[in-house]
Amino acid sequence: MGSNQTAPVLVYGAYGHTGRFVVRELLDRGMTPILSGRDPDKLQALAAALPGAAGLEVRAASAGEPAALDRALHGAGAVINCAGPFADTAGPVIEAALRARIPYLDVAAEVEAVSDTFTRFADRAREAGVVVLPAMAFYGGLGDLMATAALGGAAAEEVHIAYALSSWHPTAGTRGSGKVSRSRRGGRRLVYASGRLGHRDDAAPTGEWSFPAPIGDRAVVGEFTTADSVTIPRHLSAPDIHTFMTLDAVKDVLAPDAAPPAPVDERGRSAQTFLVDVTVRAGGTRRRAVVRGQDIYAVSAPLVVEAAHRILGAEVEATGVLAPGEVFDAHAFLRSLAPHHLSYELGEPGTGAEGAGTSRS
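Small disclaimer: the values here were computed from a predicted structure and weren't measured.

## Section: the side chain of R287
Among the structural elements, R287 can be located in strand β14 (residues 285-294). Classification of R287 as buried rests on a relative accessible area of 12%. Among the polar contacts made by the side chain of R287, one reaches the main-chain carbonyl oxygen of A150 at a distance of 2.9 Å. Looking at R287, its side chain comes within polar contact range of the main-chain oxygen of G347, at 3.3 Å.

What follows is the structure, given as C-alpha cells:
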C-alpha cells in the first residue's frame, strides 16, 4: 500500500464528544476531515461552529444504511469511527471500509465490541488487504502500546495496568456504551486470566496501588477490565492481565447524577488528569511505563490520528484486524505524542525508574 497521507479522513460520529477532538486534531495536523454521522443538522452545526471546520465536506449516513455508508466513504483515505455504542456501529462501518478497501480505526472502549471485531473480521480484512485497528484510544491502544514498550519484545510473566483518574465525568457515549456492555454480560464482570476472557459473578476486589509520585498509594478496584485486555494478548504472550482503577474514579462514573465533562481550556479539554502505570515482569526483570496527561477523551484524538497518519503514510505493511503494539514501534509512537499531548517515561532495568506498583488487598 502506497502513501496516501493527503487523502481526506472520514470521521464517523464527528459531532460526538470524542469525535470533535478527532476532527480538531486532524485539522491541526493539516489533514482534511470529512464530517459524517447519522444527524445532518448536527454535522452542519459542527462545521459552522468548530474553528477551522468551515467548508469541510459533510456526509450524513446512518450505520444501518449500507448504501449511505458507501457514499460517505467514497474518496476517503481512511475512516475513524467515534460513534458508540460500537456494538451497533463498528460492524457496519467496518463492512463499508472493506467494500471501499480503506483503513478503519475506532476509539471503542467496549471490551465485547473490540473482541467481536477481531473475531468477525480478522480473515476478511486480511483477504481484502485492509487495516482494521480497533480501540485506538485511551482505553485499549494506550495500555497496549505501554505494555509493548515495557516488554521490549520479551514474553510477559505478568502485566499490570493501573489507572489513576483525578475524576471521571462520563460522556453520554460512555454511559450508552456501558449500558450495552452490562447488558451483554448479564451483570457479570469480564476478567482476562489464564489466557482468555471469562465472566465472574462475584464483586470486584479492592485494594491499594502504589502509583508513582506525587499520587502515591491509592485505593483501587481490581479486575477493571478494559479493551487492552483484548488487544494485548493478540500479539504478546501474557497469560494474565491485571487491571486496576482508582476507587474514586469508579464511584464517579457509576454515579447516576454525574455531570458530563466541562471544558476548561481553549481546546475544550476538561480539568480531569490521568496517570497510567503499566508494570510488567519478564524473565525475572520488572519494568514500568508511565504516562500522564489531561482528559481521557481528548487524548484519544492524538492517539487515533497519529495511528491513521502512520497507516496512510504506508508505515504499516500488515493487514487484517491488528493491535497497536503489533504494527507500530510502541516506544517511538509514545515518544511522538510527548510533550504536547502526554508525558511518557519508560523505566529501564537498573535505573531509578525501574520497579512496579504493588496491589494490596
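Next comes the rest of the description.
## Concerning the pairing of β14
Along any regular strand, the residues point their side chains to alternate faces of the sheet. Two strands pair when backbone bridges link them, and strand β13 (residues 273-282) and β14 are joined in this way by 10 bridges, in the antiparallel orientation. Of the residues in β14, the one forming a bridge with L275 is R292. Hairpin connection, β13 to β14: the antiparallel pair is bridged by 2 residues, and G283 has positive phi, about 60 degrees. Pairing analysis gives 5 bridges linking β14 to strand β16 (residues 343-347), with the strands arranged antiparallel. If you follow R288 over to β16, its bridge partner there is G347.

## Quick word on the pattern of salt bridges
Taken as a whole, this structure holds 21 salt bridges when the rule is applied. Notably, a salt bridge pairs D28 with R267, separated by 2.9 Å at the nearest N-O pair. One end of the pair, D28, is in helix α1 (residues 17-28); the other, R267, is in the loop between α9 (247-254) and β13, with 239 residues separating them in the sequence. R184 is the salt-bridge partner of D116, the closest N and O atoms lying 2.9 Å from each other. Highlighted residues: D116 in helix α5 (residues 111-128) and R184 in helix α7 (residues 172-185), separated in sequence by 68 residues. Overall, D116 belongs to the partly exposed group, its relative accessible area being 28%. Members of the salt-bridge network, linked through shared partners, are E25, D28, R29, R267, E306, R310 and E315.

## Looking at the nonpolar core
In this structure, F138, L165 and W168 are the most contacted members of the largest nonpolar core, which totals 118 residues. When residues of this core are assigned to their parent elements, the largest contribution, 9 residues, is made by helix α6 (residues 138-151). Setting aside anything within four residues of it in sequence, one finds F138 in contact with G143, Y163, L165, F274, V276, I296, V299, S300 and L303. Residues A162, W209, V220 and V290 belong to the second largest nonpolar core, which totals 8 residues.

## Brief notes about the environment of D240
Along the chain, D240 turns up in the loop between α8 (228-231) and β12 (241-246). Residue D240 is classed as partly exposed on the basis of its relative accessible area, which comes to 26%. Along the sequence, D240 and D329 sit 89 residues apart, while their C-alpha atoms lie 23 Å from each other. Excluding anything up to four places from it in sequence, D240 contacts E158, V159, Y192, A193 and S194. Within the local environment of D240, its side chain forms a polar contact with the backbone nitrogen of S194, the two atoms lying 2.8 Å apart.

## Quick notes on the environment of H199
Mapped onto the fold, H199 is located in strand β9 (residues 196-200). Look at H199 and you get partly exposed, because its relative accessible area is 40%. In sequence terms H199 and G186 are 13 residues apart; their C-alpha atoms lie 9.6 Å from each other. With sequence-adjacent residues up to four places away left out, H199 is seen in contact with R185, R188, R189 and L190.

## Side note on the confidence of the model for the protein chain
Should pLDDT be low for a region, the predicted coordinates there are not to be read in detail. Residues of the protein chain with pLDDT of at least 70 account for 95%, and the chain-wide mean is 93. Scored below 50 in pLDDT, residues 349-356 shows 15 contacts in the model against residues more than four places distant or in partner chains.

## Focus: the packing of aromatic side chains
Taken as a whole, this structure holds 9 aromatic pairs when the rule is applied. Between the aromatic rings of F138 and Y139, the centroid separation amounts to 4.8 Å while the plane-to-plane angle is 80 degrees, which identifies the pairing as edge-to-face. For the pair shown, F138 and Y139 are each scored as buried. An aromatic cluster of three or more residues is present, and its members are F138, Y139, Y163, W168, F224 and F274.

## As for the sheet that holds strand β1 (residues 9-12)
Read from one edge of the open sheet, 7 strands run β3-β2-β1-β4-β5-β6-β15, paired in parallel fashion. The strands lining the two open edges of the sheet, one partner per strand, are β3 (58-60) and β15 (320-321). Relative to strand β2 (residues 33-37), β1 runs parallel, the two being bridged by 4 bridges. Each bridged residue has a counterpart across the sheet, and for L10 the counterpart in β2 is I34. Taken strand by strand, helix α10 (residues 300-312) contacts β1, β4 (78-81), β5 (104-106) and β6 (131-133), and its axis lies near 170 degrees from that of β5.

Conventions used here
- Residues numbered from 1 in each chain as written.
- Predicted model: local features only at pLDDT ≥ 70, side-chain atom pairs only at ≥ 80, totals over all residues.
- Heavy atoms only, no water.
- Helix = DSSP H or I, 4+ residues; strand = E, 2+ residues; numbered from the N terminus.
- Buried < 20%, exposed > 50% of the residue type's maximum accessible area, 1.4 Å probe, protein only.
- Polar contact = N/O pair within 3.5 Å; in protein donor to acceptor, adjacent residues only side chain to side chain.
- Pairing = 2+ DSSP bridges.
- Salt bridge = Lys/Arg side-chain N within 4 Å of Asp/Glu carboxyl O.
- Core = buried A, V, L, I, M, F, W, Y, C linked by side-chain atoms within 4.5 Å.
- Contact = heavy atoms within 4.5 Å.
- pLDDT = per-residue confidence, 0-100.
- Phe/Tyr/Trp six-rings, centres within 6.5 Å; stacked < 30°, edge-to-face > 60°.
- Axes fitted to C-alpha atoms, helices over the stretch in contact; angles between N-to-C directions.

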